[in-house]
Amino acid sequence: MSGLSELFAATRAQNRAALIGYLPAGYPTLAGSADMFNALIDSGCDLVEVGVPYSDPVMDGPVIQAAAETARAGGFRLTDLFGIVEKISAKGGKAVLMSYYNPIMAYGADAFARDLAAAGGLGVITPDLIVDEAGDWLAATEAHGIDPIFLVAPSSPTERISRTVEHTRGFLYAASTMGVTGARDQVSSLAPDLVARCRELTDLPIGVGLGVRTGAQAAEIAAFADGVIVGSAFVSAVTEGEKQARALAEELAAGVRGTVPAIS
Amino acid sequence: MPARGVSATSGQVSPRLEQFQTKDVKPSMTSNATRPPRADGLPRPSDGLTGTPHDPTDGGYFGDFGGRWLPEALVGVVDEVAEAFAKARHDPEFLDELDRLAETYGGRPSPVTDAERLTALVGGARILLKREDLNHTGSHKINNVLGQALLTKRMGKTRVIAETGAGQHGVATATACALLGLECVIYMGRVDTERQALNVARMRLLGATVVAVDSGSATLKDAINEAFRDWVTNASTTYYLFGTAAGPHPFPMMVRDFQRIIGLEARQQVLDLTGRLPSAVVACVGGGSNAIGAFHAFLDDADVRLVGMEAGGDGIATGRHASTISAGSVGVLHGARSFMMQDEDGQVIESHSISAGLDYPGVGPEHSHLAAIGRAEFRSITDTEAMDALALLSRTEGIIPAIESAHAVAGAVVLAKEIGPEGIVLINVSGRGDKDMETAMEWFQLNGDGPGTVTTSTSATGNTTSKES
């Protein structure tokens, strides 16, 4: 059983969703990056997504774009990823990467999976890679025991969801809305339907992302998903300070437990 | 001398070209368009859409290049485009309308000009010019936008988005949208809106909304990123009218097919004029749409060299350039696996060129394939070489080319000398230079007391004017 399977088995046993927090690696600073991820885990994140700052992030809105540019300007290099992941796993935290595919291709798919596995990373979310093009990546992740995590979107027909879940390990990333990353006032009405369609095709845990920023929204999603993924809201909070980031994690952690009656 | 190119047109595929057969299809090669042939025997745009022996695989691959490297959320709309194009390319109604607009609105066919004075000055091969600069809106871009805008209408979409670098594709898109009554939003890097202010004004006059993009390097690649973000958000109503033969499948094939008319016409025109095929076809390459359009009809003519001129900026050695194939490496950018400019971490490197239209760190996948199999050659032309060629063509032939096209002229002049007087070099003059006058004024100091041979005797001019009035 992979680390991610264990994680979701545990949260399912607790009848709650997992809280998954995203930050770009090297943000707010390269030196302080690992500590910030660990702060999120301390404050209630079950899993962190370590984002690879990329020059051309087509699926990201302005908040994450700006943070990625800050991280790159601060000297982030691809090799820094593995040190950050190592510091997270050394403290018992669980981490996956989120990376556009070109940096992985440039590093070498096999070397990337190998070095991530050595650092204790569990999986990689690839927002611009579809399973149709993932032959090399699937071979690399399988060889090194890394979970390849693919996305499905509200526009994905059944046939494509089916093909995607066949190759996905760890959990399935369901994009709640048609659009880029960024906090939104309301949870998309497309998400419950998408998750329901996925449930008919797979037993994989399903994480829902894009647009979540409050505990109430987290509770709403936790009612039908296995994981609540929060990105831009954490980035904005970290921009303000670690205290704000911890407070947000605590609020969201309460949210993902919202469907569970208080323990007496 | 024998007409050496003609012999290669018999349909025999040379062993060297066999590996280039990417798909075992038997295209009809006959358009379903219903209009009678033109009296002059020239092909029409619909003849570019019949399918070719060089079409990509079902997955969109030209050899190792192409494919669909894009977010899952965009697969649905891209599939929709692919299906619509697959039907349209064989639909007589669509083809007739494309041909009609190309002729009565776009100005096709474009002529081939015998550049006698340039040829004499260079003292090498005979130089011929394919005049895409004479098209409506001033470049080859209209060929593609008329096709895709008609496709938009067929698909029932009401809103068009597009990226633009120099503004030529933006102007062409805004023009087609005005013609067909479509809402139009153009994404343009902030840097480009500043150096191509005239084209921004043209787009606005045509009714388009121009969005200046500040993210990243604020140039063409960032405008494309922003257009993709818009598309993923508004997929149901919106058509992304991609401007070059790059992006995810089917765009590289579709844009190429709408531009194939350049080479189809030129091949016939050169045969009519000279009785033989050219020794070389030369075009500038940014994303590569004018080049693939010019090259494609000659792919099976093994004796015709296909030479792409990439933007060399300050020179490849300086790192400030846009010579993607000459000095880049293979990666995935904007939906396709192709050559690109990137650092060792796979971060996209900002390109540099005096020409906004060539200032792009990627290139269409079919060019990467042609380079990989050795069917096309790619060279690099610096800013200075391009601007020298811009002045040269202006003064020898009275044609002010776009700075993009001036890269082709610069490379072709060198090639003409290499090939010698026995040969023929066909240059695709992809656009005209009106949009570049501000850059030219600065470069040649045409405004002040610069070193050019521009006469500054204002009093003489004044006298003449007063006498005539």
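Just so it is clear, the structure is predicted and the values come from calculations on it, not from any experiment.

**Some thoughts on the overall build of chain B**
On a plain count of helices and strands, chain B comes out with 17 helices and 15 strands. By residue count, 62% of the 469 residues in chain B fall in the buried class. Within chain B, contacts between residues at least 6 apart in sequence are counted, and of these 75% link residues at least 24 apart. Counting every atom, chain B has about 16,700 Å² of accessible surface; 51% of that belongs to carbon and sulfur.

**Focus: the packing of aromatic side chains**
Taken as a whole and judged by the stated rule, the model has 16 aromatic pairs over all chains. Where A:Phe82 meets A:Tyr107, the ring centres are 5.5 Å apart and the plane angle is 45°; that geometry is what we call tilted. In this pair, A:Phe82 sits in helix H4 (residues 80-90) while A:Tyr107 sits in helix H5 (residues 101-107), placing the two residues 25 residues apart along the sequence. Residue classification places A:Phe82 among the buried positions, given a relative accessible area of 8%. Given a relative accessible area of 24%, A:Tyr107 falls into the partly exposed group. Of the aromatic side chains, those joined through ring pairs into one cluster are A:Phe82, A:Tyr101, A:Tyr107, A:Phe112, A:Trp137 and B:Trp69.

**Observations regarding the sheet that holds strand S3 (residues 95-98) of chain A**
Backbone hydrogen bonds hold the strands of a sheet together, and the pairing may be parallel or antiparallel. All names here are of chain A. As summarised here, the arrangement of the nine strands in space is S5-S4-S3-S2-S1-S9-S8-S7-S6, forming an open sheet in which the pairing is parallel. Strands at the two margins of the open sheet, each flanked by one partner only, are strand S5 (147-149) and strand S6 (151-152). Note that strand S7 (residues 172-175) and strand S8 (residues 206-209) share four bridges and pair parallel. From the neighbouring strand, Leu172 faces S8, where its bridge partner is Ile206.

**Structural notes on the domain arrangement of chain B**
All names here are of chain B. Per the domain assignment, the segments of chain B are domain 1 (52-106 + 141-252) and domain 2 (112-137 + 260-444). Taken over C-alpha atoms, the centre of domain 1 sits 22 Å from the centre of domain 2. Listed per partner, the contact involves 41 residues of domain 1 and 42 residues of domain 2. Of the roughly 3,300 Å² buried at the junction of domain 1 and domain 2 (both faces included), carbon and sulfur atoms supply 60%. When the buried surface of domain 1 facing domain 2 is broken down by residue, Phe65, Trp69 and Lys221 rank first, second and third, together holding 20% of it. Scanning the region where domain 1 abuts domain 2 turns up zero salt bridges.

**Quick look at the sheet that holds strand S5 (residues 159-164) of chain B**
Residue and element names in this part refer to chain B. Taken in spatial order, the four strands line up as S7-S6-S5-S8 in an open sheet, and their pairing is parallel. Where the open sheet ends on each side, the last strands, each with one partner, are strand S7 (209-213) and strand S8 (238-240). Adjacent strand axes in the sheet meet at a mean angle of 25°, parallel and antiparallel pairs treated alike. As paired strands, S5 and S8 are joined by three bridges and run parallel to one another. Pairing of Arg159 across the sheet is with Thr238, part of S8. Strands S5 and strand S6 (183-189) of the sheet are contacted by helix H6 (residues 168-180), whose axis makes an angle of about 165° with S5.

**Describing a nonpolar patch on the surface**
The grouping of B:Ile400, B:Met437, B:Met441 and B:Leu446 at the surface amounts to a nonpolar patch, some 280 Å² of accessible area in total. Assessed through its relative accessible area of 31%, B:Leu446 is described here as partly exposed.

**As for the nonpolar core**
All names here are of chain A. By size, the foremost hydrophobic cluster in this structure holds 91 residues, and its most contacted members are Val50, Leu81, Trp137, Phe171, Val228 and Phe234. With six residues, the single largest contributor to this core is helix H12 (residues 242-256). Each residue touching Val228, except ones within four places of it in the same chain, is listed here: Ala17, Ala18, Leu19, Ile20, Val208, Val212, Ala218, Ile221, Ala222 and Val256.

**Some words on the interface of chain B and chain A**
Bring the parts together and some accessible area is lost; that lost area is often taken as the interface size. Facing the 30 residues of chain B at the interface are 34 residues of chain A. Here chain B and chain A share four salt bridges between them. Its salt-bridge partner being A:Arg77, residue B:Glu344 comes within 3.5 Å of it at the nearest N-O pair. At the boundary of chain B with chain A, the tally comes to 21 residue pairs in polar contact (both at pLDDT 80 or more). Top contributing element to the side of chain B that touches chain A by residue count: helix H9 (residues 220-233) of chain B, with seven residues. Each residue belonging to the side of chain B that touches chain A can be placed in one class, and the counts come to twelve nonpolar, ten polar and eight charged.

Conventions used here
- Residues numbered from 1 in each chain as written.
- Chains lettered and ligands numbered in written order.
- Predicted model: local features only at pLDDT ≥ 70, side-chain atom pairs only at ≥ 80, totals over all residues.
- Heavy atoms only, no water.
- Helix = DSSP H or I, 4+ residues; strand = E, 2+ residues; numbered from the N terminus.
- Buried < 20%, exposed > 50% of the residue type's maximum accessible area, 1.4 Å probe, protein only.
- Contact = heavy atoms within 4.5 Å.
- Areas by Shrake-Rupley, 256 points an atom, 1.4 Å probe, with all protein chains shown as cover.
- Phe/Tyr/Trp six-rings, centres within 6.5 Å; stacked < 30°, edge-to-face > 60°.
- Pairing = 2+ DSSP bridges.
- Domains from an automatic or database assignment.
- Buried area = accessible area lost by both parts, 1.4 Å probe.
- Salt bridge = Lys/Arg side-chain N within 4 Å of Asp/Glu carboxyl O.
- Axes fitted to C-alpha atoms, helices over the stretch in contact; angles between N-to-C directions.
- Patch = residues over 30% accessible without salt bridge, like charges linked within 9 Å, V, L, I, M, F, W, Y side chains within 5 Å.
- Core = buried A, V, L, I, M, F, W, Y, C linked by side-chain atoms within 4.5 Å.
- Polar contact = N/O pair within 3.5 Å; in protein donor to acceptor, adjacent residues only side chain to side chain.
- Nonpolar A, V, L, I, M, F, W, Y, C, P; charged D, E, K, R; others polar.

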